[in-house]
Amino acid sequence: MSVIAILGALFLEQIFPLSSYSKLREILRNAIDYIERALSMDQAKPWQTFWFITLVGALVAGLLGYTLDSVYQLLGLVFTIAVLYLTLGIRQFSHHYSKIRDALTAKDDGQARSALVEWLREEAELTGYRGNVQVAQLTETQIIRQSLEMAILSSLRYVFAGLFWYLIFVPFKVGLAGVVFYRLADLLARRWHLRAEGKEDAYTRYARKMMAWIEFLPARFAAVIFAVVGNFEDALHAWRTQASSLRQLGESDAAAVVLTAGAGALGVTLREGIAQRTPDMMDEHEAALYGEDAELKTPEAQHAGQIGMGPAPDVRTLNSGVGIFWRAMIFVVGILLMLTLAKILA
């Protein structure tokens, strides 16, 4: 049943892309803001607000899905497809990616920049992502790199993480609780970061801590899938040697894992990084950044902050990115189909 629900949601998304339903997502955002204000009147702490919104939403979705499935399976399936359609999907971010790819293919850098600005703005307004990117100053290669980075991160946030938590709870017949829990946690955490305007407060600290735990396994789930459907050796090597230095430079654990694995799977370099330096070569800033010993904890890495290996990406890499995302989805669905068949035949 879970395989049918996932396929149904993906098929429905291709016909009616969720990108055209920004109003619906805005309603969800406003509902979360309303609940937050109500809780703040009772002086709720960050952890109380976070878990109240995520767990209540997950509980409602899980119990409603379980009840409908118990009463009438077809009704439960339709409800599951509807929720997955609203919470998962490549088309939630790929329309921006496609606009950039098409514009660069047509040698229209201006249109590509406009599409990237629109993508960054929508992420900020709807989910709290704040990209400090001066798009007007980017070269074509930098536009491609930024687009690939955002697509890889979006594939985790909009597809693989939600799918992971859905599948974790499917054996207990409340799979919807998992995917709704992740979507609300992701939305709430990034909205807190947006509201803080780059400053550190109790809400952003708690959100960062919780999302690190919530995305720990999904990020590795996505990284392994990228490795399997892409350049396996480069993906694992980049993940093993580069993720640690990215974390040292302030990148979140989940982003470090999926970006390095994704870039390795594509066989390109998304960030050049800064050349690794020995203690006697470092200035005061570098010594403060890397510590007294001034040595990275991953000495095998050639550059601190480097993402991927190989040549710089070009327009053809954007086409490869589309292919790897779809192969990843086909791989996951294929594994689920085999497991379903094995269960039926057992």
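From a predicted model like this one, the values you see are computed outputs, not experimental measurements. (Residues numbered from 1 in each chain as written. Predicted model: local features only at pLDDT ≥ 70, side-chain atom pairs only at ≥ 80, totals over all residues. Heavy atoms only, no water.)

Participant: Please explain the overall build of the protein as it appears in this structure.
Facilitator: When helices and strands are counted, the protein shows 14 helices and four strands. Here the protein, with 346 residues, has 50% of them falling under the buried criterion. Put simply, 78% of the contacts in the protein that link residues at least 6 apart link residues at least 24 apart. Only carbon and sulfur atoms are counted for the fraction: they give 62% of the accessible area of the protein, which is about 17200 Å². (Helix = DSSP H or I, 4+ residues; strand = E, 2+ residues; numbered from the N terminus. Buried < 20%, exposed > 50% of the residue type's maximum accessible area, 1.4 Å probe, protein only. Contact = heavy atoms within 4.5 Å. Areas by Shrake-Rupley, 256 points an atom, 1.4 Å probe, with all protein chains shown as cover.)

Participant: Would you explain unusual backbone geometry in this entry?
Facilitator: Note: most peptide bonds trans; most residues except glycine with negative phi. The backbone of Lys107 sits at a positive phi, close to 60°, despite the residue not being glycine. Its location among the elements puts Lys107 in the loop between helix H5 (91-105) and helix H6 (109-127). The phi angle at Lys173 is positive, at roughly 65°, despite the residue not being glycine. In this structure, Lys173 sits in the loop between helix H7 (140-169) and helix H8 (175-196).

Participant: I would appreciate a short explanation of the packing of helix H10 (residues 216-229) against helix H12 (residues 253-266) in the present structure.
Facilitator: Between H10 and H12, the shortest axis-to-axis distance is 9 Å and the interhelical angle comes to 0°. Taken as axis vectors, H10 and H12 run roughly parallel relative to one another. Facing Phe216, Ala219, Arg220, Ala222, Ala223 and Phe226 of H10, the residues of H12 in contact are Asp253, Ala254, Val257, Val258, Ala261, Gly262 and Ala265. Looking at the contact of H10 with H12, its residues break down into ten nonpolar, one polar and two charged. (Axes fitted to C-alpha atoms, helices over the stretch in contact; angles between N-to-C directions. Parallel < 35°, antiparallel > 145°, perpendicular 65-115°, else oblique. Nonpolar A, V, L, I, M, F, W, Y, C, P; charged D, E, K, R; others polar.)

Participant: Could you clarify how one ought to interpret empty space enclosed by the protein in this entry?
Facilitator: Empty space among the atoms can be located by rolling a probe the size of a water molecule over them. Evaluation of the coordinates by the stated rule reveals three cavities of 30 Å³ or more. Approximately 50 Å³ is the volume attributed to the largest cavity. Lining the largest cavity are Ile6, Ala9, Leu10, Leu84, Leu88, Gly89, Val159, Leu163 and Met329. Every element with two or more residues in the lining of the largest cavity is listed here: helix H1 (2-15) and H7. Residue contributions to the lining of the largest cavity peak at three residues, all from H1. Split by residue class, the lining of the largest cavity holds eight nonpolar, one polar and no charged. (1 Å grid on protein atoms, 1.4 Å probe; cavity = no way out; pocket = protein on both sides within 12 Å on 5 of 7 lines; lining within 4 Å. Points joined across faces, edges and corners; volume = space filled by probe spheres on them.)

Participant: In this structure, what is going on with the nonpolar core? I would like to understand it.
Facilitator: Soluble, globular proteins show a tendency: their nonpolar side chains are buried together. By size, the foremost hydrophobic cluster in this structure holds 95 residues, and its most contacted members are Leu84, Leu116, Phe160 and Ile214. Looking at this core, the element that brings in the most residues is H7, giving 16 residues. (Core = buried A, V, L, I, M, F, W, Y, C linked by side-chain atoms within 4.5 Å.)

Participant: What exactly am I supposed to notice about the confidence of the model for the protein here?
Facilitator: Close inspection of predicted coordinates is inappropriate for parts of the model with low pLDDT. On average, the protein scores 84 in pLDDT, and the residues at 70 or more come to 87%. Considering each helix and strand of the protein separately, the mean pLDDT is smallest for helix H13 (residues 284-290), with a value of 48, and largest for H10, with 96. Ignoring residues within four places in sequence, the model shows residues 281-286, a span with pLDDT below 50, making six contacts including any to other chains. Counting contacts from residues 289-301, a segment whose pLDDT is below 50, to residues more than four positions away or on other chains yields 29 contacts. (pLDDT = per-residue confidence, 0-100.)

Participant: How should the packing of H1 against H7 be read in this particular structure?
Facilitator: A pair of packed helices can be characterised by two numbers: the angle between their axes and the separation between those axes. Interaxial distance between H1 and H7 falls to 12 Å at its minimum, and their mutual angle equals 155°. Overall, the two elements H1 and H7 adopt an arrangement that is roughly antiparallel. Between H1 and H7 the crossing geometry is right-handed. Between H1 and H7, the contacting residues are Ser2, Ala5 and Ile6 on the first element and Leu163, Tyr166 and Leu167 on the second. Tallied by class, the residues present in the contact of H1 with H7 amount to five nonpolar, one polar and no charged. (Left-handed = near helix turned anticlockwise from the far one by under 90°.)

Participant: So what exactly am I meant to see when it comes to the layout of surface pockets here?
Facilitator: Its volume calculated, the second largest pocket comes out at about 730 Å³. Lining of the second largest pocket is provided by 26 residues; of these, Met1, Ser2, Val170, Pro171 and Lys343 occupy positions nearest its centre. When residues of the lining of the second largest pocket are traced back to their parent elements, those giving at least two are H1, helix H3 (46-71), helix H4 (73-87), H7, H8 and helix H14 (315-345). Considering only residue class, the lining of the second largest pocket consists of 14 nonpolar, nine polar and three charged.

Participant: What is the right way to read a nonpolar patch on the surface from this model?
Facilitator: On the surface, Val224, Val228, Phe232, Leu236, Phe331, Ile335, Met338 and Leu339 cluster together to form a nonpolar patch covering roughly 670 Å² of accessible area. At the level of elements, H10, helix H11 (232-248) and H14 are the ones that each hand at least two residues to the nonpolar patch. With four residues, H14 is the single largest residue contributor to the nonpolar patch. Its place among the elements puts Leu236 in helix H11. (Patch = residues over 30% accessible without salt bridge, like charges linked within 9 Å, V, L, I, M, F, W, Y side chains within 5 Å. Salt bridge = Lys/Arg side-chain N within 4 Å of Asp/Glu carboxyl O.)

Participant: Explanation requested: H3 in the structure shown.
Facilitator: Think of an α-helix as 3.6 residues a turn; residues three or four steps apart then line up on the same face. Between the first and last C-alpha of H3 there are 38 Å, a value that for 26 residues agrees with the 38 Å anticipated at 1.5 Å per step. Among all positions in H3, only Pro46, Thr49, Phe50, Ile53, Thr54, Ala58, Ala61, Gly62, Gly65 and Leu68 are buried. (Expected span 1.5 Å × (residues − 1).)

Participant: Explain the pattern of salt bridges here, please?
Facilitator: Taken as a whole and judged by the stated rule, the model has 13 salt bridges. Among the ionic pairs, Lys99 bridges to Glu118, the shortest N-O distance being 3.5 Å. On the criterion of sequence distance, the pair formed by Lys99 in helix H5 and Glu118 in helix H6 is long-range, its members being 19 residues apart. A relative accessible area of 37% places Lys99 in the partly exposed class. A salt bridge links Asp253 to Arg247; the nearest nitrogen and oxygen atoms lie 2.9 Å apart.

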